[in-house]
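# Secondary and tertiary structure notes
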Amino acid sequence: MDGFLQTPPGQSREAHSSKMAPVSPASSCSEPEQPTLADIGAEIRRLAANMVTKSDLQSLTTTLTASLTSAVTALRTDMEAQDSRIQALETQAQATQRQASAADTALTRQGNMLLALRRQVEDLDNRSRRSNIRVRGMPEGEETENVVELLTALFCQILGNQAPPDIRFERAHRALRPRNRDGDPRDIICCLHSFPLKERIMQRARTRPTWRYQEAEVSLYNDLSPTTLEARRALRPITTALRERNIPYKWGFPFSIQVRHHNEWIAARWPEEIPRFLQRLELPSIAVPDWILEPLDREPRPQRQPRNPRRGPRENRTPDIPPHPSNPEE
């Protein structure tokens, strides 16, 4: 600083070349006062006093370290809490997954049990109808008509000389629904006392599609449960294809469709067995509705007329089944 501020010996201030413009003697402005060394030293000491010291840096570092430590500690605590919650959620999710798997297994087992019970109930229902005959096309007269006499005359006509002297009925009645609006007669359901006699009548009735009785065409069918009829209606496209190819088939109980192909019996009991059944018979793919999970749409029944209060209680009758316009024996 001294070397910069002081003039070297042997050289006057005036001799030093100055870049400033020369001052006119006539100018009234005086030359500014130059700072002294004492002023410069005081300024330097003031600046040095205001400079950051090592202790200040250490204090600032300590404060920053404490702040960062506190923030990291809080973040670590929060992360530990989140980790605990995540572990609890994972444990709960695993338990829920195990429960869902167990519930799925139980539902599958119960579904199989319900299907087995459905098949068993269907078989029991069909067995309870083994002695029943459904007569279709019999002219319907007044409500006081004697159904037993009509059936006796019809069965004697069908059996001919093999007819017994007496045909005993457990019960016989028209279908338990209102009369059809189009005038078609309701079916007659009868239960014969003798099962062998019922089989003889049905074997004889199968020799013709219809029988002539009182100027009417009458057909006889086995009385089957509604679920069996629904399954047969669902399989109608397959039975049609089998008849077109002259492939004989038969119905099994509990419900199944059976075909003898290459000296081997091929059967289908459930909807999921139909594709394999068709493949083994070398038939094209046929769309068949699921008659178990998707019941077929039925025509709405007409409203039942109110009962006459003067009439007595109904006698024990065989439960009716939904109307089926097609041949249930198909």
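Residues numbered from 1 in each chain as written. Predicted model: local features only at pLDDT ≥ 70, side-chain atom pairs only at ≥ 80, totals over all residues. Heavy atoms only, no water.

Let us now look at the nonpolar core. Counting residues in hydrophobic clusters, the biggest one holds 24 residues, and the most contacted among them are Ile133, Val135, Leu151, Leu154, Phe155, Ile201 and Leu220. For this core, the secondary structure elements donating two or more residues are β1 (132-136), α4 (147-159), β2 (169-174), β3 (188-192), α5 (195-205), β4 (211-213) and β5 (216-222). Sorting elements by how many residues they give to this core places α4 first, with seven residues. Among all residues touching Ile201, those that are not within four sequence positions of it are Ile133, Phe155, Ile158, Leu159, Leu192 and Leu220. In terms of nonpolar packing, the next biggest core, distinct from the first, is built from 20 residues, Leu242, Ile257, Ala268 and Ile292 among them. (Core = buried A, V, L, I, M, F, W, Y, C linked by side-chain atoms within 4.5 Å. Buried < 20%, exposed > 50% of the residue type's maximum accessible area, 1.4 Å probe, protein only. Helix = DSSP H or I, 4+ residues; strand = E, 2+ residues; numbered from the N terminus. Contact = heavy atoms within 4.5 Å.)

Right, let's get into the packing of α4 against α5. Closest axis-to-axis distance for the α4/α5 pair is 9 Å, and the angle between their directions is 65°. Of the two possible hands of crossing, α4 and α5 adopt the one that is left-handed. Here Phe155, Ile158 and Leu159 of α4 lie close against α5, whose contacting residues are Leu197, Arg200, Ile201, Arg204 and Ala205. The residue inventory of the contact of α4 with α5, partitioned by class, reads six nonpolar, no polar and two charged. (Axes fitted to C-alpha atoms, helices over the stretch in contact; angles between N-to-C directions. Left-handed = near helix turned anticlockwise from the far one by under 90°. Nonpolar A, V, L, I, M, F, W, Y, C, P; charged D, E, K, R; others polar.)

What follows is about the UniProt feature "coiled-coil region" (unreviewed entry) in the chain. The sites that UniProt annotates as "coiled-coil region" (unreviewed entry) are residues 72-106. Measuring from the first to the last C-alpha atom of residues 72-106 gives 50 Å, for a span that is 100% helix and 0% strand. (UniProt positions renumbered as here; feature names shortened; annotations may be inferred.)

Another aspect to go through is the sheet that holds strand β6 (residues 249-252). With antiparallel pairing, the three strands of this open sheet are ordered in space as β6-β7-β8. At either end of the open sheet lies a strand with only one pairing partner, and these are β6 and β8 (265-268). Looking at each pair of strands side by side, their axes are set apart by 25° on average, direction ignored. Relative to strand β7 (residues 256-260), β6 is paired through four bridges, and the arrangement is antiparallel. Along β7, the bridge assignment pairs Lys250 with Gln258. Relative to the sheet, helix α7 (residues 236-244) contacts β6 and β7, its axis offset from that of β6 by approximately 150°. (Pairing = 2+ DSSP bridges.)

Turning next to the sheet that holds β4. For sheets, the rule is that strands pair by backbone hydrogen bonds, running either parallel or antiparallel. Ordered in space as β2-β3-β1-β5-β4, the five strands form an open sheet in which the pairing is antiparallel. Unpaired on one side and paired on the other, β2 and β4 mark the two borders of the sheet. The average angle at which neighbouring strand axes cross in this sheet is 25°, direction not considered. Judged from the three bridges that link them, β4 and β5 form a sheet pairing that is antiparallel. Across the sheet, residue Tyr213 finds its bridge partner in β5, namely Ala216. Sheet strands in contact with α4 are β1, β2, β3, β4 and β5, and its direction is about 110° off that of β2.

Along the chain, Arg136 falls in strand β1. Residue Arg136 is classed as buried on the basis of its relative accessible area, which comes to 17%. A distance of 3.2 Å separates a polar atom in the side chain of Arg136 from a polar atom in the side chain of Asp187. (Polar contact = N/O pair within 3.5 Å; in protein donor to acceptor, adjacent residues only side chain to side chain.)

Now for the environment of Tyr249. By secondary structure assignment, the location of Tyr249 is in strand β6. It is 7.2 Å that separates the C-alpha atoms of Tyr249 and Arg260, two residues lying eleven residues apart in sequence. For Tyr249, the side chain forms a polar contact with the side chain of Arg243, separated by 2.9 Å.

Here we take up the pattern of salt bridges. By the definition in use, this model includes 13 salt bridges. Across the pair Asp125 and Arg129 runs a salt bridge whose closest N-O atoms are separated by 2.9 Å. Where Glu217 meets Arg212, a salt bridge forms, and the shortest distance between an N and an O atom there is 2.9 Å. Residue classification places Glu217 among the partly exposed positions, given a relative accessible area of 41%. Three or more residues are tied together by salt bridges with common partners; here these are Asp125, Arg129, Arg134, Arg136, Asp187 and Asp223. (Salt bridge = Lys/Arg side-chain N within 4 Å of Asp/Glu carboxyl O.)

Let us now look at unusual backbone geometry. In the segment running from Phe253 into Pro254, the intervening peptide bond is cis, with an omega of -5°. Of note, Pro254 is situated in the loop between β6 and β7. Here the phi dihedral of Asn246 falls at roughly 55°; this positive angle occurs in a residue that is not glycine. Note on placement: Asn246 falls in the loop between α7 and β6. The exposed category is assigned to Asn246, whose relative accessible area is 69%. Look at Glu282: it is not a glycine, yet its phi comes out positive at around 60°. If you trace the backbone, Glu282 turns up in the segment after α8 (274-280). Residue Glu282 is classed as exposed on the basis of its relative accessible area of 64%.

Right, let's get into the confidence of the model for the chain. Confidence in the prediction for the chain averages 80 pLDDT; 78% of positions are at 70 or higher. Counting interchain partners and residues more than four positions distant, the pLDDT-below-50 stretch residues 12-16 has three contacts. Within the model, pLDDT remains below 50 along residues 299-326, and this stretch shows 49 contacts once partners closer than five positions in the same chain are excluded. (pLDDT = per-residue confidence, 0-100.)

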